[in-house]
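Spelled out, the chains give:
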Amino acid sequence: MNIWKIPYTLRRYNPQKKKKGYVTRNYTDTVVKLNVQPMSAQVEVTAEGKRCPKRIKAFGTFPIRTVDTTKGINADRLFYQGAWYECVQSQMWEHTPLFHYESEFTLVTEAIPESDKKPPSSTDSEPAEDGGNE
């Protein structure tokens, strides 16, 4: 069901590799259809003392990944309102007729200058019906 879903750029990281003694991280930008909603405007302080000033929630049929330290894979990132958000939690809801994933993201970068607000050129392509091209 695609009610209230619009295309967003999702950045998916590949496992890190060592190249000439340096660690490299490649990624792929994909256009996915999601229903994105802001969460509470309050600043949340975690047990580790990390402040999470901005959080968003996304609903869609495309599986979104969190960080996997054992494989060296960064969490997926979402470009939303001129800033990148990193996925901190994602779970599948398959017990309803509206099978979907519910994901939470925290702000990674502050707002980007007006001239650089357009995400990578992959957003110019038509989004896939299932939310991605994988």
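Keep in mind the model is a prediction, meaning the values are calculated, not measured. (Residues numbered from 1 in each chain as written. Predicted model: local features only at pLDDT ≥ 70, side-chain atom pairs only at ≥ 80, totals over all residues. Heavy atoms only, no water.)

Novice: Help me understand the pattern of salt bridges, please; the structure alone is not making it clear to me.
Specialist: Inspection of every chain in the model, using the stated rule, returns six salt bridges. Linking Lys57 and Glu102 is a salt bridge whose minimum nitrogen-to-oxygen distance equals 3.1 Å. With a gap of 45 residues between them, Lys57 in strand β7 (residues 55-60) and Glu102 in strand β10 (residues 100-107) connect regions that are remote in the sequence. A relative accessible area of 16% places Glu102 in the buried class. One salt bridge in this structure joins Asp76 and Arg65, with 4.0 Å as the shortest N-O distance. (Salt bridge = Lys/Arg side-chain N within 4 Å of Asp/Glu carboxyl O. Helix = DSSP H or I, 4+ residues; strand = E, 2+ residues; numbered from the N terminus. Buried < 20%, exposed > 50% of the residue type's maximum accessible area, 1.4 Å probe, protein only.)

Novice: Is there a simple way to think about the confidence of the model for the protein in this case?
Specialist: Any region with low pLDDT has predicted coordinates that should not be read closely. Summarising the model, the protein shows a mean pLDDT of 77, and 69% of its residues fall at 70 or more. The secondary-structure element of the protein with the lowest mean pLDDT is strand β6 (residues 51-52), recorded at 59, while strand β8 (residues 77-80) shows the highest, at 93. (pLDDT = per-residue confidence, 0-100.)

Novice: Help me understand the environment of Arg65 in this model?
Specialist: Mapped onto the elements of the fold, Arg65 is located in the loop between β7 and β8. Ignoring anything within four residues of it in the chain, the contact list for Arg65 reads Arg12, Tyr13, Ile73, Ala75, Asp76 and Cys87. (Contact = heavy atoms within 4.5 Å.)

Novice: I would appreciate a short explanation of the pairing of strand β1 (residues 6-13) in the present structure.
Specialist: Side-chain positions along a regular strand alternate between the two faces of the sheet. Within β1, six of the eight residues are buried, which leaves the element mostly enclosed by the surrounding structure. Taken together, the eight bridges between β1 and strand β4 (residues 27-38) define a ladder with antiparallel strand orientation. Bridging from a neighbouring strand, Tyr8 pairs with Val32 of β4. Pairing analysis gives three bridges linking β1 to β8, with the strands arranged antiparallel. Paired with Thr9 across the two strands is Phe79, which belongs to β8. (Pairing = 2+ DSSP bridges.)

Novice: What's the story with the sheet that holds strand β9 (residues 83-93) in this structure? I'm lost.
Specialist: Backbone hydrogen bonds are what pair the strands of a sheet, in a parallel or an antiparallel way. Ordered by their spatial adjacency, six strands build a closed barrel running β1-β4-β7-β10-β9-β8, and the pairing between neighbours is antiparallel. Sheet twist, expressed as the mean angle between neighbouring strand axes with direction ignored, is 45 degrees. Pairing geometry for β7 and β10, over six bridges, is antiparallel. For Arg55, the partnering residue across the bridge sits in β10 and is Thr106. (Axes fitted to C-alpha atoms, helices over the stretch in contact; angles between N-to-C directions.)

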